[in-house]
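Each chain, written out:
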Amino acid sequence: MTTPSSDAFVFFGATGDLAYKKIFPALQAMTKRGELEMPVIGMGRSGWSVEKLRQRVHESLEHNGDIDEETFARLAARIQYVDGDYSEAATYEHLKKALGAAQRPLHYLAIPPSMFGTVVQGLARAGCAKNARVVVEKPFGRDLASAQALNRELHEVFDESAIFRIDHYLGKEAVQNLQYFRFANAFLDPIWNRHYVDNIQITMAEKFGVQGRGAFYEEVGAIRDVVQNHLLQVIALLAMDAPTGRDAEAMRAEKLRLFRAMRPLDPKEAVRGQFRGYLEEEGVAGDSKVETFAAVRLHIDTWRWAGVPFYIRTGKNLPITATEVKIGLKCPPLATFDDISPATANYFRFRLSPEVVISTGARVKRPGDEMHGEPVELIARHQTRGDQEPYERLLHDAIEGDTSLFTRDDAVEAAWRVIDPMLGDVPPPEQYEPGSWGPEAANRVISGTQGWHDPKPEETTPC
Ligand code: BG6
């Protein structure tokens, strides 16, 4: 079914950090591709003028290092700005006027979730929600109960098909590649299960700290910030069954089945950490118990995955910035030549960031008289990045009404159900040194002999 494209782009939070870092560059790229031939209306509460907003867009593009003056001029000419309190009817009346003849606006809410209800009600009262779509930023709630409440607030005004819950990880080229690789290669299917897979690990490491976002981070912590969304989404793509159709709903249905089969996390199989120095960050409470590191073991109760541990690890101030998945395969049943341990057995490796790599770890004979081997990696795909940034891809999809890469209400709630046990009364975080791989205790989370797989700097020449 084809749905009509949106005909105006409205973004709440135009004066904020996310707009500066991600949205303006995406708008320039979309303008360049001819995908934004519509009014672009920034909404803010900072008393700005349209000139100030245009100037901010220019600064953002310069800062991002890829300003194209001709495209900027075209974008700037489309930009309007509406300033006002989001709880006042007059703000939406001004928006209505700015929309002019547009019939099907897309409203992008890059604002705290506590404001979602107020804004969607304001839109509805002013008649700006009719035939409209709404994109909402993460985090979608703080736990299962608040996510359910947010869903109710949104549903009072918008049908689920018009709600786009954004998770920029799903717009990454590498994550798309992972999904494609899984379901376009039949050779994977016979081994993609508990009979052949020993364990699955994902590490999302960041070499930097909270980068001045201490106050935001205090509200979330690593588990809410990236595990509930980005990392569970990647696990879902790795572990789900093939969708039974090509449409967005078929994909969403299989993902939901998988989320529902995830066992809620057990704090006894998890470790939270906090880097030394976090408490001195601006906006952070002196006695904060918020985690900047988490390592958890997850179980998926399906016939395909029963007994296969999924390990998730993430942290700020780790030795490298990289996100990597390793699917460790089982050892050969008998040692014909060398003894092979889980750490030296075959594997698949997916580097999701900053590079895009898919590789298989195999063993070959070392030259010489002896029948001894060594590990080699067969690189299936290696590129630095795609030509489309996640926000460009996702905002374009939302304008077109394509929900495939957005999270449905039931899936977001199912993901919170998995995370909820980690949000209550859990042991305090253990301290770790910046630049280390997190607290020593994280090694307790991983069973068996293979240990955590630490992503390394990627060699740039494909073999
Ligand atoms: C964001 C988190 O969603 O994702 C950040 O809020 C994190 O804390 C970021 O650094 C990582 O995304 P990317 O695409 O920069 O790897």
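Source: prediction; values computed, not measured.

For the protein, the helix and strand inventory stands at 11 helices and 15 strands. Scaling as 2.2 N^0.38, a compact globule of 463 residues should have a C-alpha radius of gyration of about 23 Å, and the protein matches this with 23 Å. Along the first, second and third principal axes, the C-alpha atoms of the protein reach 80 × 45 × 40 Å. Expressed as a percentage of its 463 residues, the buried residues of the protein come to 55%. The contacts of the protein with a sequence gap of at least 6 include a subset with a gap of at least 24, amounting to 77%. When the accessible area of the protein is evaluated, it comes to approximately 20,600 Å², of which 50% is carbon and sulfur surface.

To continue, consider the site of the ligand. Taken together, Lys-138, His-168, Lys-172, Met-204, Glu-206, Arg-213, Asp-225, His-230 and Lys-316 make up the full set of residues near the ligand. The fraction of the free accessible surface of the ligand (400 Å²) that becomes covered by protein chains is 77%. Here the residues of the shell around the ligand are counted per class, giving 1 nonpolar, 2 polar and 6 charged.

All right, on to the environment of Gly-435 then. Relative to the elements of secondary structure, Gly-435 occurs in the segment after strand S15 (430–432). In this structure Gly-435 comes out as partly exposed when scored by relative accessible area, which is 45%. Sequence spacing of Gly-435 and Leu-238 is 197 residues, and the spatial spacing of their C-alpha atoms is 29 Å.

What follows is about the packing of helix H7 (residues 173–184) against helix H8 (residues 214–239). The axes of two packed helices give the description: the angle between them and the distance between them. For the pair H7 and H8, interaxial distance at closest approach is 9 Å and the crossing angle is 15°. Put simply, H7 runs roughly parallel to H8. Note that H7 runs across H8; the crossing there is left-handed. Contacts between H7 and H8 involve Val-175, Leu-178, Gln-179 and Arg-182 from the former and Val-234, Leu-237, Leu-238 and Ala-239 from the latter. Residues belonging to the contact of H7 with H8 are distributed by class as follows: 6 nonpolar, 1 polar and 1 charged.

Another point: the environment of Asp-225. Its location among the elements puts Asp-225 in helix H8. Asp-225 sits in the buried class, given a relative accessible area of 6%. With near-sequence residues (within four places) excluded, Asp-225 lies in contact with Lys-138, Arg-213, Phe-216, Tyr-217, Val-220, His-230 and Lys-316.

Turning our attention to the sheet that holds strand S11 (residues 322–329). Ordered in space as S14-S13-S12-S11-S7-S10-S9-S8-S15, the 9 strands form an open sheet in which the pairing is mixed. Sheet topology places strand S14 (373–383) and S15 at the edges, where each strand pairs with a single neighbour. On average, each strand axis in the sheet is inclined to that of its neighbour by 20°, with strand direction left out of account. The sheet contact formed by strand S12 (residues 347–353) and strand S13 (residues 356–365) spans 5 bridges and is antiparallel.

Residues Phe-9, Phe-12 and Phe-350 are the most contacted members of the largest nonpolar core, which totals 123 residues. A per-element tally of this core places H8 first, with 11 residues. Grouped together as the second largest cluster of nonpolar side chains are 22 residues, Ala-205, Tyr-278, Tyr-311 and Tyr-432 included.

Counted by the stated rule, this structure contains 32 salt bridges. A salt bridge links Arg-276 to Glu-433; its shortest N-O distance comes to 2.6 Å. With Arg-276 in the loop between strand S8 (270–275) and strand S9 (293–298) and Glu-433 in the segment after S15, this residue pair connects regions lying 157 residues apart in the sequence. The partner of Arg-351 in a salt bridge is Glu-355, and the shortest N-O contact between them spans 3.0 Å. Here Arg-351 falls in the buried class, since its relative accessible area comes to 2%. Take Glu-355: its relative accessible area is 15%, and that puts it in the buried class. Several salt bridges share partner residues, and in doing so they unite Glu-324, Arg-349, Arg-351, Glu-355, Glu-377 and Glu-458 into one network.

Further remarks concern unusual backbone geometry. As a rule of thumb, non-glycine residues mostly have phi less than zero, and peptide bonds are mostly trans rather than cis. Along the chain, Lys-138 connects to Pro-139 via a cis peptide bond; the corresponding omega equals -5°. By the element assignment, Pro-139 lies in the loop between strand S5 (133–136) and helix H6 (144–155). Of the consecutive residues Ser-353 and Pro-354, the connecting peptide bond is found in the cis state with omega at 0°. Here Pro-354 is to be found in the loop between S12 and S13.

So, how was this worked out
Going along each chain's sequence as written, the residues are numbered from 1 onward. This being a predicted model, a pLDDT of at least 70 is required before a residue's local features are given, and a value of 80 or more before pairs of side-chain atoms are given or counted; all residues contribute to the totals for chains, interfaces and linings. Excluding hydrogens and water, the side-chain values take into account all heavy atoms of the structure. Under the scheme used here, helices are H or I runs from DSSP no shorter than 4 residues and strands are E runs no shorter than 2 residues, and both carry numbers assigned from the N terminus. Here the radius of gyration uses the C-alpha set of atoms, whereas the globule reference equals 2.2 Å times the residue count to the power 0.38. Accessible area is worked out with a 1.4 Å probe on protein chains only. A residue is then buried under 20% of its type maximum, exposed over 50%, and partly exposed in between. By definition, residues are in contact when any of their heavy atoms lie within 4.5 Å. Calculation of accessible area relied on Shrake-Rupley with a 1.4 Å probe; when residues are assessed, cover is drawn exclusively from the protein chains displayed. Neighbouring residues are identified by heavy atoms, a residue being near a molecule or strand if any of them is within 4 Å of it. Put simply, Ala, Val, Leu, Ile, Met, Phe, Trp, Tyr, Cys and Pro go in the nonpolar bin, Asp, Glu, Lys and Arg in the charged bin, and everything else, Gly too, in the polar bin. Helix axes use the C-alpha atoms of the stretch in contact, all axes being lines fitted to C-alpha atoms, and the angles between their N-to-C directions lie in the range 0 to 180 degrees. Throughout this description, any angle smaller than 35 degrees is read as roughly parallel, any larger than 145 degrees as roughly antiparallel, any in the 65 to 115 degree range as roughly perpendicular, and the remainder as oblique. We call a crossing left-handed when the near helix sits turned anticlockwise from the far one by less than a right angle, and right-handed when that turn is clockwise. Here a strand pair is declared whenever DSSP counts at least two bridges between the two strands. Only buried residues count toward a nonpolar core, which is a set of Ala, Val, Leu, Ile, Met, Phe, Trp, Tyr and Cys residues joined through side-chain atoms within 4.5 Å. What counts as a salt bridge is simple: a side-chain nitrogen of Lys or Arg found within 4 Å of a carboxyl oxygen of Asp or Glu.

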